[in-house]
Amino acid sequence: MKAVTFLFVTSSLLLSAHALSNPVPINQFHALQVLANFKISSSQLPIGIDNNHRSLLGEDANENDIRDDFEASLLANYQQPEYVAMGALAAHHWQTMLQVMSKNDWRPNERDAHLMLNTHKAIDRCYASLLKENPDMFQPSAVYFNTPQRLAAQISVKKILRFSIDSTPHEHIISVNYDKPCDVFMYLADKQTPVENAY
């Protein structure tokens with residue numbers, strides 16, 4: 001945790017007044033917890049990262065459940081640890097979605113389908129709202145779903161989730177929503193720290 005904190009103390013001094021005036025969904029304490037949990041730092045990344053396009057999930061040499069090229073992009077494009085942590089949390093959710101594509105005949109129950117789909121939508125809406133405030137902001141989803149294979153897998157998973165919801169008897173609908181889209185990152189941060197839970 002101390003190593004991660006040190007990495008961002010100096011970089012946070014470089015922030016513009018505009019960047020500091022924009023509130024982020026999670027605070028720095030939660031962000032540093034997330035980064036420590038995922039072991040995200042420049043020193044943890046392998047040397048010579050390529051574009052990682054050869055497979056659906058890509059390479060994860062440091063085995064922290066975040067694709068190496070995506071992790072490098074987060075560290076290169078964001079000054080604030082809060083935004084790096086948000087990108088890591090989003091990537092972990094996206095990887096969970098892509099991993100289920102390898103499971104034959106995978107059909108989530110209704111609650112899990114609602115949770116995964118609504119979480120995915122909330123992440124997209126949160127970044128869309130942040131983009132309105134800062135049009136030049138780095139957009140993680142464009143880097144994460146950066147091949148036709150990954151885009152197609154994302155679409156397929158969303159279809160499976162919608163089918164699981166639509167095919168469930170409607171008298172027992174369970175909906176999982178967020179009051180504000182960016183609340184999703186506090187949910188994901190709480191889910192990752194201190195103990196990881198599965199869907």
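Below you will find a few notes about this structure.

Glancing now at the pattern of salt bridges. With the rule as written, the count across this model stands at 1 salt bridge. Its salt-bridge partner being Arg67, residue Asp69 comes within 2.7 Å of it at the nearest N-O pair. For Asp69, a relative accessible area of 9% gives the class buried.

The next point concerns helix α3 (residues 28-38). Of all the positions in α3, only His30, Ala31, Leu32, Val34, Leu35 and Phe38 are classed as buried. The backbone nitrogen of Phe29 has a side-chain oxygen 3.2 Å away, supplied by the residue at the start of α3, namely Asn27. Two residues or fewer after α3 comes Lys39, characterised by a positive phi angle close to 55°.

Our focus in this paragraph is the state of the cysteines. Under the defined criterion, the tally for this structure stands at 1 disulfide. Here Cys126 engages in a disulfide with Cys182; their sulfurs sit 2.0 Å apart. Across the disulfide from Cys126 to Cys182, rotation about the S-S bond amounts to roughly 95°, and the bridge is consequently right-handed. Taken together, the residues span a long stretch of sequence, with Cys126 in helix α6 (residues 110-133) and Cys182 in the loop between α8 (148-166) and α9 (183-192) at a distance of 56 residues. Judged on exposure class, the residue Cys126 and its partner Cys182 are both buried.

This structure, assessed with the given rule, holds 8 aromatic pairs. Judged by centre distance (5.5 Å) and plane angle (25°), the ring pair of Tyr78 and Tyr83 falls under stacked. According to the relative accessible area criterion, Tyr83 is buried, its value standing at 9%. Ring centres of Tyr144 and Phe145 lie 5.2 Å apart, and the angle between their planes is 75°; on these two criteria the pair is classed as edge-to-face. One aromatic cluster in this structure is built from Phe70, Trp94, Tyr144 and Phe145.

The phi angle at Lys39 is positive, at roughly 55°, despite the residue not being glycine. Examined against the element boundaries, Lys39 turns out to sit in the loop between α3 and α4 (68-77).

Here we come to helix α5 (residues 81-99). Relative to the 27 Å expected for 19 residues at 1.5 Å per residue, α5 spans 26 Å between its end C-alpha atoms, a close match to the ideal helical length. Of all 19 residues in α5, 18 are buried, a share of seventy percent or more.

Let's shift gears to the packing of α6 against α8. Where α6 contacts α8, the two axes come as close as 9 Å, and the packing angle between them is 135°. In terms of axis orientation, α6 runs oblique to α8. Where α6 crosses over α8, the handedness of that crossing is left-handed. Contacts from Ala113, His114, Met116, Leu117 and His120 in α6 reach Gln154, Lys158, Leu161, Arg162, Ser164 and Ile165 in α8. In the contact of α6 with α8, the residues fall into 5 nonpolar, 4 polar and 2 charged.

Right, let's get into the packing of α6 against α9. As a packed pair, α6 and α9 sit with axes 8 Å apart at the nearest point and diverge in direction by 125°. If you check the angle between α6 and α9, you find them oblique. Residues Leu115, Thr119, Ala122, Ile123, Cys126 and Tyr127 of α6 pack against Val184, Phe185, Tyr187 and Leu188 of α9. Class assignment for the residues of the contact of α6 with α9 results in 9 nonpolar, 1 polar and no charged.

Attention now goes to the environment of Asp60. With respect to the helices, strands and loops of the structure, Asp60 is situated in the loop between α3 and α4. Spatially, the C-alpha atoms of Asp60 and Ile49 are 9.9 Å apart, while their sequence positions differ by 11 residues. Here Asp60 is in contact with Asp65, Ile66 and Asp68, once residues within four sequence places are set aside. Among the polar contacts made by the side chain of Asp60, one reaches the main-chain amide nitrogen of Asp65 at a distance of 2.8 Å.

Conventions adopted
Residues numbered from 1 in each chain as written. Predicted model: local features only at pLDDT ≥ 70, side-chain atom pairs only at ≥ 80, totals over all residues. Heavy atoms only, no water. Salt bridge = Lys/Arg side-chain N within 4 Å of Asp/Glu carboxyl O. Buried < 20%, exposed > 50% of the residue type's maximum accessible area, 1.4 Å probe, protein only. Helix = DSSP H or I, 4+ residues; strand = E, 2+ residues; numbered from the N terminus. Polar contact = N/O pair within 3.5 Å; in protein donor to acceptor, adjacent residues only side chain to side chain. Disulfide = S-S within 2.5 Å. Phe/Tyr/Trp six-rings, centres within 6.5 Å; stacked < 30°, edge-to-face > 60°. Expected span 1.5 Å × (residues − 1). Axes fitted to C-alpha atoms, helices over the stretch in contact; angles between N-to-C directions. Parallel < 35°, antiparallel > 145°, perpendicular 65-115°, else oblique. Left-handed = near helix turned anticlockwise from the far one by under 90°. Contact = heavy atoms within 4.5 Å. Nonpolar A, V, L, I, M, F, W, Y, C, P; charged D, E, K, R; others polar.

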